[in-house]
Amino acid sequence: NAMLAWQRTSYHFQPEKNWMNDPDGPLFYKGWYHLFYQYNPDSAIWGNITWGHAVSRDLIHWLYLPLAMVPDHWYDINGVWTGSATLLPNGSIVMIYTGATTENVQVQNLAFPADPSDPLLLHWVKYEGNPIIVPPPGIGMKDFRDPTTAWYVASNSTWRIAIGSKVNKTGISLTYETSDFLSYQLLEGVLHAVPGTGMWECVDFYPVATTGKHGMDTSENGAGVKHVLKASLDDDKHDYYALGTYDVATDTWTPDDPEVDVGIGMRYDYGKYYASKTFYDQSKKRRVLWGWIGETDSELTDLEKGWASVQTIPRVVVFDEKTRSNLLQWPVEEVESLRTSHKDYKDIKMGPGSVVPINVGGTATQLDINVEFEVSKESLEGAIEADVGYNCSTSAGAGGRSVLGPFGLLVVADQTLSEQTAVYFYIGKGTDGNLQTFFCQDELRSTKAPDVLKRVYGSVVPVLPGEKLSVRLLVDHSIVESFAQGGRTCITSRVYPTEALYGAARVFLFNNATGANVTATSLKIWQLNSAFIHPYSF
Ligand code: FRU
């Protein structure tokens, strides 16, 4: 089936076949990036969860390795679930993961590389004393999973890890302290809790520098540091983060802005994106974020394809020094090594209602696009009230017209636009004259295939005075990954065209605003090579 075959991605990581979900235990070790992942070796549907394993020199080209861990003990027989790696100062690795026991109790287990001198870390040994942590009193047996990377507390020479849970409808993160990674004490209270957010899966907790672009090792704290707390909400399947301050003495984290707390404020990505995890890449002094992109087609189609899910292009995460209220996410620079031919356009004028076909210099299924838009001053000033209460998700998408939006790009579109995925801005103007900019991705017309979940995704994006509107976009067959304003707001979509595939795929610029003259001041498009992602042969 050529249509389904086309959907396989060319430079995003995915297993050779079958089901994948969360990224697990990412780390850089002896010259190699390691990615483990929740993997069902037997089917394209979740189940029988093991740890798949792949290695890379550059986060783009990958070698598949044999399964790192499989369910083979009473404490993980129902699944080797999500976990994290900690690289100790002496160079050794501690891997802690959740196991689903024979009784389906969620417990935390420890594993070590069998041969630390092996850069590929092919073999893993589970600790004989597993499980190392079981659900504490008051915590549900099935609400206790996904341990974080450990951070070091110098004042008492111990390490701490966080584990997500819930109490009634309140999402929480618990902290355990250890000096040897073998025995653990639950600290009193919670690291943080947010009522109404439900079960917190895949908690992530890490420092970011408030000045400079460098990443921070997980144990860093002190002046010039903020801490990011992230939870994946089991109830709504989105990853929410917030910026705040970590008080080591009381082991509590406090959000900078209680209105923008975990689970009620910002998302890493407003599209199809979940169960993300960061690691500190000591070789390039950066913090790198992985995220799982699921499918939005049916399980039946996944079975027919023989695979389900991909990982995002790893993203570098930094604090946004300009807004000081959000993170910036940006694809790792290594993805640029895939760039081949290049098209460069300047000052493409788009009056209200225009659609402009773009020659991308080849096929339009593997692209890296950078575009900047400017809305004329007259349009912005002349516009009377426009919808400041706009909401991407409940809007009519790219087809809904207002004075100052939508405008942007149509990708994975066919010549007649019978299929198209719109990536667009929408500007609202309040009665007070203030502007508010939204960044959205509209999948409503992305395919004519039945049984596909199609949404309009997106959110507000901060735009500072004097800034142009900008988007970076990665198109990889059935994936559209977008980064607005340098990565302040990100959206990932899965698209399954029936016509806009292979040589029929096109890119357009569009302006569907009724009262805005928009100029694409700069449009750069690169064709991207496929990455080398193959089994490692011994
Ligand atoms: C998140 C999650 C984790 C769990 C794993 C099981 O997607 O549900 O909470 O550890 O997947 O595969």
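Residues numbered from 1 in each chain as written. Predicted model: local features only at pLDDT ≥ 70, side-chain atom pairs only at ≥ 80, totals over all residues. Heavy atoms only, no water.

What follows covers the overall build of the chain. When its secondary structure is counted, the chain shows three helices and 38 strands. Seen through its C-alpha atoms, the chain measures out along the principal axes to roughly 70 × 55 × 40 Å. For the chain, the proportion of its 538 residues judged to be buried stands at 62%. Pairs at least 24 residues apart make up 64% of the contacts formed inside the chain by residues separated by at least 6 positions. With the model as given, the accessible surface of the chain reaches about 19500 Å², and the carbon-plus-sulfur share is 53%. Across the chain, the centroid of the 42 positively charged side chains sits 6 Å from that of the 61 negatively charged ones. (Helix = DSSP H or I, 4+ residues; strand = E, 2+ residues; numbered from the N terminus. Buried < 20%, exposed > 50% of the residue type's maximum accessible area, 1.4 Å probe, protein only. Contact = heavy atoms within 4.5 Å. Areas by Shrake-Rupley, 256 points an atom, 1.4 Å probe, with all protein chains shown as cover. Lys, Arg positive; Asp, Glu negative; His and termini not counted. Charge placed at Lys NZ, Arg CZ, Asp CG, Glu CD.)

Pairing in this open sheet of four strands is antiparallel, and the strands run β5-β6-β7-β8 from one edge to the other. Edge positions in the open sheet fall to β5 (80-87) and β8 (124-126), since each of these has one partner strand only. If you compare each strand with its neighbour and ignore which way they point, the axes differ by 30 degrees on average. In terms of strand pairing, strand β7 (residues 106-113) meets β8 through three bridges, oriented antiparallel. (Pairing = 2+ DSSP bridges. Axes fitted to C-alpha atoms, helices over the stretch in contact; angles between N-to-C directions.)

So, about the environment of Gly-140. Summarising the element assignment, Gly-140 is placed in the loop between β8 and β9 (144-145). As a C-alpha pair, Gly-140 and Asn-168 span 28 residues in sequence and 9.5 Å in three-dimensional space.

Right, let's talk about the side chain of Thr-9 for a bit. Among the secondary structure elements, Thr-9 is positioned in the loop between α1 (2-6) and β1 (18-29). Owing to a relative accessible area of 11%, Thr-9 belongs among the buried residues under this scheme. Within the structure, the side chain of Thr-9 is placed 2.8 Å from the side chain of Gln-14, a separation counted as a polar contact. Discounting chain neighbours no more than four positions away, the residues touching Thr-9 are Gln-14, Val-310, Asp-476, His-477, Ser-478 and Ile-479. (Polar contact = N/O pair within 3.5 Å; in protein donor to acceptor, adjacent residues only side chain to side chain.)

What follows covers the pairing of strand β28 (residues 366-375). The element β28 is largely enclosed, with a buried count of seven among its 10 residues. Where β28 meets strand β33 (residues 469-476), eight bridges bridge the pair, whose relative direction is antiparallel. The residue bridging Leu-367 from the neighbouring strand is Val-475, located in β33. Sheet analysis places β28 next to strand β37 (residues 518-528), joined by nine bridges and oriented antiparallel. The residue of β37 that forms the bridge with Ile-369 is Ile-525.

Around the ligand, the surrounding shell consists of Asn-21, Asp-22, Gln-38, Trp-46, Trp-81, Thr-82, Arg-145, Asp-146, Glu-201, Tyr-274, Ala-275 and Trp-292. One of the backbone nitrogen or oxygen atoms of Thr-82 is found 3.2 Å away from an oxygen atom of the ligand. The separation between an oxygen atom of the ligand and a polar side-chain atom of Asp-146 is 2.6 Å. Contact with the protein chains covers 91% of the free accessible surface of the ligand, which is 320 Å². Of all the elements in the fold, those that place two or more residues in the shell around the ligand are β1, β5 and β20 (274-281). (Near = heavy atom within 4 Å.)

Here we take up the packing of aromatic side chains. Under the criterion given, the structure shown has 30 aromatic pairs. Measuring from centroid to centroid gives 6.2 Å for Phe-144 and Tyr-176, while their planes differ by 65 degrees, and the two rings are edge-to-face. Of the two residues, Phe-144 is situated in strand β9 and Tyr-176 in strand β12 (residues 170-178); the sequence distance between them amounts to 32 residues. The residues Phe-144 and Tyr-176 share a single accessibility class, namely buried. Arranged with centres 5.6 Å apart and planes meeting at 45 degrees, the rings of Trp-159 and Phe-181 form a pair that is tilted. With Trp-159 in strand β11 (residues 158-167) and Phe-181 in the loop between β12 and β13 (185-186), the pair connects residues that are 22 residues apart, well separated along the chain. (Phe/Tyr/Trp six-rings, centres within 6.5 Å; stacked < 30°, edge-to-face > 60°.)

Turning our attention to the sheet that holds strand β34 (residues 479-484). An order of β26-β37-β28-β33-β34-β35 is seen for the six strands of this open sheet, with the pairing classed as antiparallel. Edge positions in the sheet fall to β26 (339-350) and β35 (489-494), since each has one partner strand and no second. Each adjacent strand pair in this sheet contributes to an overall mean axis angle of 15 degrees, direction not counted.

This next bit is on unusual backbone geometry. Between Asn-130 and Pro-131 the backbone carries a cis peptide bond, its omega angle lying at -5 degrees. Topologically, Pro-131 is positioned in the loop between β8 and β9. A cis geometry characterises the amide bond from Gly-405 onward to Pro-406, with omega recorded as 0 degrees. Residues other than glycine seldom take positive phi values, yet Asp-146 does so here, at roughly 70 degrees. Mapping Asp-146 onto the fold places it in the loop between β9 and β10 (151-153). Look at Asp-146 and you get buried, because its relative accessible area is 3%.

This part is about the nonpolar core. Counting residues in hydrophobic clusters, the biggest one holds 55 residues, and the most contacted among them are Phe-373 and Val-411. Broken down by element, this core gets its largest block of residues, five residues, from β28. Apart from the residues within four sequence positions on either side, Val-411 is in contact with Ile-369, Gln-420, Thr-421, Val-423, Leu-473, Val-475, Val-480, Arg-506 and Val-507. Within the second largest apolar cluster, 29 residues are counted, among which are Phe-28, Ile-313, Leu-328 and Ala-531. (Core = buried A, V, L, I, M, F, W, Y, C linked by side-chain atoms within 4.5 Å.)

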